[in-house]
Amino acid sequence: MSTTVDRSAAQSTLNVWQMAQRQLDNIAQIIGLDASIHQYLREPKRILTVSVPVRMDSGEHRVFEGYRVQHNMSRGPGKGGIRYHPDVTLDEVKALAMWMSWKCALVNIPFGGAKGGVICDPKSMSLQELENLTRRFTSEISIVIGPEKDIPAPDVYTTPQIMAWIMDTFSMQHGYSIPGVVTGKPIAVGGSLGRDKATARGCLYVVDEAMKELGLAPGARVAIQGFGNAGLHAAELFAETGYKIVAVSDSRGGVANTNGLDVRKLVAWKGEQGTVVGFGGGEKISNKDVLEYECEVLVPAALEKVITQENAPRIKAKIVAEAANGPTLPEADDILHDRNIMVLPDILANAGGVTVSYFEWVQNLQELFWEEQAVNERLRRIMERSFRDTLDHARRLKVNMRRGAYAVAVGRVAQATQLRGVYP
Ligand code: NAD
């Protein structure tokens, strides 16, 4: 390998797994992580690759490739969503699994990190084809999942209905209902009240804390990239709490209004049209422009690697709250930090989802269900405490919020891994 390679150019070509490993290496140095534990945490514990034959509506069979990766389970069973997307790669799933280990540790819930994915284009598949795919994928990964082993959940383009099929398939194989095998289920089959909006709500709670910390006035302007589970609910909850939503986008493009978008009408439009594009209450903007829109709070809530060294200098927000996983490249992180922009890292800003997934799992095991107010109140306490832990570590170590969060999280996973030791 050439040693004269330009560092910034080299960083830009990092894939998402290398980016995740780089983040760990970085924090290992800062907190003086034991070298053997560092080596242990750098790789996933287990990778399962499966071929998923699916009977399509045409009568033909197609074979899809899918993965379940378990990164670390020292603190408890694996936890992490399943993604259906044409661009899924094993490296992406490995990165997402590693991030789940840190996220669960940061919010201090008793889970390890895992993630799953299937390379497919769910938008071009019928409901029947999606059901066939989900049931066969569940069957293939059933050797590694279970309420005490590894508990999947929704991620990009997987829905509560898909979680219900996972629960049913696993339950049928065992001969009785096992709701605790998966979270993010519909309420009717053991889901938790508040789970649908939990990722967005957790994001709101930490943004509220950051606003107070930075002394920003209420009524701040918010731009959101992505308008699915995380983004749409963020728009609704932020608007309900007095923030002004000025720009949003989805995979087809965006819409903006400096005076604020009417979120209720926008959500109805998205429901009817399947996109925010064409909404009459604002002007059309591109997906990229949303990131650079004039605002105090930017919420990337779509996919990875969208904030780069190229656009980071032009971001106007004072707070970037990463509802999406991995939206910011490492070099962009440094630029934002130098520009005094507070980045609330993904493992903090979107941890509300896994936290209420934990509540759902607890309710399934106890067979005792909580009221939504209790769910939201417990979520708030966990998010506020995690924000404080992150800020305290960032200040003490004189690092940015991402490194503060990693210091807390990696420290906890390392401690559990060290205490348990190595089984021969
Ligand atoms: P989703 O499938 O509900 O929505 C994804 C959204 O992103 C859609 O609006 C889609 O149009 C948009 N999108 C897709 N490609 C895009 C592109 N190239 N540019 C702009 N927008 C694009 O998924 P989700 O559950 O909201 O997940 C979004 C992000 O949040 C992911 O990074 C996911 O890992 C993360 N996340 C989700 C949860 C959860 O509970 N759903 C929890 C933690 C983290």
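What you are looking at is a predicted structure, and each value in this text was computed from that prediction instead of being measured.

A few points about the pattern of salt bridges
This model, assessed by the stated rule, comprises 27 salt bridges. Note that R68 is salt-bridged to D150, the shortest N-O span being 2.7 Å. One end of the pair, R68, is in strand β2 (residues 61-72); the other, D150, is in strand β5 (residues 150-154), and 82 residues separate them in sequence. Take D150: its relative accessible area is 0%, and that puts it in the buried class. One salt bridge in this structure joins R388 and E213, with 3.2 Å as the shortest N-O distance. A residue pair is termed long-range when its members are at least 10 positions apart, and R388 in helix α14 (residues 372-397) and E213 in helix α7 (residues 198-214) qualify at 175 residues. What you see here is one network of salt bridges that share partners, running through R83, E92, K115, D155 and E304.

Overview of the nonpolar core
Core analysis: the largest hydrophobic core is formed by 108 residues, its most contacted members being W99, W102 and L344. Here this core spans two domains, and each of domain 1 (42-189) and domain 2 (198-349) adds at least three residues to it. When sequence neighbours within four positions are dropped, the list of residues in contact with L344 reads V206, V207, A210, I319, V320, A321, E322, A349, F387 and M401. In this structure, V52, M56, I166 and F170 belong to the second largest nonpolar core, which totals 26 residues.

Quick word on helix α6 (residues 160-174)
Here α6 spans 21 Å end to end across 15 residues, near enough to the 21 Å set by a 1.5 Å rise per residue. Looking only at α6, the buried set comprises I162, M163, A164, W165, I166, M167, T169, F170 and S171. The elements touched by buried residues of α6 are β3 (78-85), α5 (127-141) and β5. G175 occupies a position one or two residues after α6 and carries a positive phi of about 90°.

Let's talk about the environment of K270
On the secondary structure map, K270 appears in helix α9 (residues 263-273). By relative accessible area, which is 17% here, K270 ends up buried. Counting along the chain gives 33 residues from K270 to L237, while the straight-line C-alpha distance between them is 16 Å. Not counting the four nearest positions on each side in its chain, K270 is found in contact with F227, L232, D250, T275 and V276.

What about the sheet that holds β3?
Through backbone hydrogen bonds, the strands of a sheet pair up, either in parallel or in antiparallel fashion. In spatial order, the strands read β1-β2-β4-β3-β5; together these five strands make up an open sheet with mixed pairing. Two strands lie at the open edges of the sheet, namely β1 (46-55) and β5, each paired on one side alone. Here the strands of the sheet are splayed against their neighbours by 25° on average, with no regard to which way each runs. With six bridges joining them, β3 and strand β4 (residues 112-119) adopt parallel strand pairing. By the bridge assignment for β4, Y84 is matched with V118. Its contacts with the sheet put α5 on β1, β2, β3 and β4, and the angle it makes with β1 is roughly 145°.

So, the domain arrangement of the protein
Split into domains, the protein comes out as domain 1 (42-189) and domain 2 (198-349). One C-alpha centre belongs to domain 1, the other to domain 2, and the line joining them spans 27 Å. In this assembly, 13 residues from domain 1 lie in contact with eight residues from domain 2. Taken over both partners, the interface formed by domain 1 and domain 2 buries close to 850 Å², and the fraction arising from carbon and sulfur atoms is 58%. Together, W99, K103 and L106 form the three largest contributors to the area buried by domain 1 at its contact with domain 2, with a combined 50%.

Thresholds, definitions, all that
- Residues numbered from 1 in each chain as written.
- Predicted model: local features only at pLDDT ≥ 70, side-chain atom pairs only at ≥ 80, totals over all residues.
- Heavy atoms only, no water.
- Salt bridge = Lys/Arg side-chain N within 4 Å of Asp/Glu carboxyl O.
- Helix = DSSP H or I, 4+ residues; strand = E, 2+ residues; numbered from the N terminus.
- Buried < 20%, exposed > 50% of the residue type's maximum accessible area, 1.4 Å probe, protein only.
- Core = buried A, V, L, I, M, F, W, Y, C linked by side-chain atoms within 4.5 Å.
- Domains from an automatic or database assignment.
- Contact = heavy atoms within 4.5 Å.
- Expected span 1.5 Å × (residues − 1).
- Pairing = 2+ DSSP bridges.
- Axes fitted to C-alpha atoms, helices over the stretch in contact; angles between N-to-C directions.
- Buried area = accessible area lost by both parts, 1.4 Å probe.

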